[in-house]
Amino acid sequence: MEVNSASALFDLSGKIAILTGACGLLGQEHAHVLAEAGANVVLADLQLEKSQSFAQDITNQWGVEAFPVEVNVSDKTSVERMVQRVREKFGQIDILINNAALTVKGGSEQVKGYFSDFEDYPLDIWQQALDVNLTGTFLCSQAVGKQMVQQNSGIIINISSTYGVVAPDQRIYENVRSPYDPTITFNTPASYSVTKGAIISLTRYLATYWAGKNIRVNALTPGGVYDDHGEEFVKNYSYRTPMGRMANKTEYRGAILFLASEASSYMTGANLIADGGWTAW
Ligand SMILES: NC(=O)c1ccc[n+]([C@@H]2O[C@H](COP(=O)([O-])OP(=O)(O)OC[C@H]3O[C@@H](n4cnc5c(N)ncnc54)[C@H](O)[C@@H]3O)[C@@H](O)[C@H]2O)c1
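The present account deals with the structure reproduced in this document.

Rules used throughout
- Residues numbered from 1 in each chain as written.
- Predicted model: local features only at pLDDT ≥ 70, side-chain atom pairs only at ≥ 80, totals over all residues.
- Heavy atoms only, no water.
- Salt bridge = Lys/Arg side-chain N within 4 Å of Asp/Glu carboxyl O.
- Helix = DSSP H or I, 4+ residues; strand = E, 2+ residues; numbered from the N terminus.
- Buried < 20%, exposed > 50% of the residue type's maximum accessible area, 1.4 Å probe, protein only.
- Contact = heavy atoms within 4.5 Å.
- Axes fitted to C-alpha atoms, helices over the stretch in contact; angles between N-to-C directions.
- Parallel < 35°, antiparallel > 145°, perpendicular 65-115°, else oblique.
- Left-handed = near helix turned anticlockwise from the far one by under 90°.
- Expected span 1.5 Å × (residues − 1).

A few words now on the pattern of salt bridges. Within this structure, the stated rule accounts for seven salt bridges. Residue D169 is joined to R240 by a salt bridge in which the shortest nitrogen-to-oxygen separation is 2.9 Å. Here D169, found in the loop between α7 (162-165) and α8 (190-209), pairs with R240, found in helix α9 (residues 231-240); they are 71 residues apart in sequence, far enough to count as distant. The residues D169 and R240 share a single accessibility class, namely buried. Three or more residues are tied together by salt bridges with common partners; here these are D169, R171 and R240.

Structure follows, in structure tokens:
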């Protein structure tokens, strides 16, 4: 199908989009832009109550159907149940955004070793990150991909990170305390980088694997988003970024809409980097 006008390129009217991690900082932004473009959005998250009230907001604001579904992306049965419910309700799945990730925000009680030094990194937390970030992307792509193969169409967007492309610059974390709990210093653990790097590889693999099935698979690599990190960290991160600042949470809406729509119709297996220039030097 050839689409020419600018508005038609970005029109998602009637599309069904599954968005994992929909209740998080960026998930909510992705949900808003998909809904504004006309898509019905499946708000898939561990947090059911939050996704239920968020679904109300989306429907009230954009007039599309927003379907809250509780899912644990690292659990095969839970993912298959989610896909089954979406199939029963809508009969098709046009877009999947693998956005859920194990990110740790909170005090030392919630964090429980997530920011440990590499030398002493707890195996169970390493494993948990792999389960959610990487295996979760695998399981959702597998279950949704089966439906997309049947339809002979689909779009998958996998959310990576600059830390999946380059290593964290450890200097920006030196002596920086968590804004949630001054008793802990924070950093980006190896499990995050490793899973985000692997997501780019899985994206390329699936793009070529399903190229003949009319399924496009791309990655989006966002840079750090301002989220009350504390003054010292924001200063360090901003200095290290060519554009001199962290991203605002709204600044990936355009990239999501581009990848989810006909605007990116000749793109698959790519990694779209929107990082204020972080990886440019
Ligand atoms: N925020 C940033 O600065 C930033 C930068 C680069 C990349 N990213 C990536 O963007 C994505 C979203 O980040 P965010 O900042 O919005 O994170 P967030 O922590 O605000 O939200 C994550 C969401 O995922 C959900 N979730 C966690 N584990 C889950 C599971 N097992 N099953 C289902 N849902 C689960 C949580 O309930 C939460 O709603 C992540 O993939 C993250 O790695 C974020």
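This brings us to the environment of L257. Looking at where L257 falls in the secondary structure, it is placed in helix α10 (residues 253-260). On the basis of relative accessibility, which here comes to 15%, the residue L257 falls in the buried class. Sequence separation between L257 and D57 is 200 residues, and the spatial gap between their C-alpha atoms is 20 Å. Ignoring anything within four residues of it in the chain, the contact list for L257 reads F10, L12, V33 and A37.

This part is about the packing of helix α2 (residues 25-36) against α10. Contact pair α2 / α10: the axes reach a minimum separation of 9 Å and the direction vectors enclose 55 degrees. One element, α2, and the other, α10, form an angle in the oblique class. Note that α2 runs across α10; the crossing there is right-handed. Together, E29, H30, H32, V33, L34 and E36 of α2 and R253, I256, L257 and A260 of α10 make up the contact between the two elements.

Moving on, we get to α2. When the terminal C-alpha atoms of α2 are compared, their 18 Å separation across 12 residues agrees well with the 16 Å that a helix rising 1.5 Å per residue should span. For α2, the tally of buried residues reaches nine of 12 residues, placing the bulk of the element in the interior. The complete set of buried residues in α2 reads L26, G27, E29, H30, A31, H32, V33, L34 and A35. Among the residues trailing α2, G38 stands out with phi positive, at a value near 110 degrees.

Take G24: it is sitting in the loop between β1 (16-20) and α2. A relative accessible area of 28% places G24 in the partly exposed class. When the C-alpha positions of G24 and D45 are compared, they lie 8.7 Å apart, and in sequence the two are 21 residues distant.

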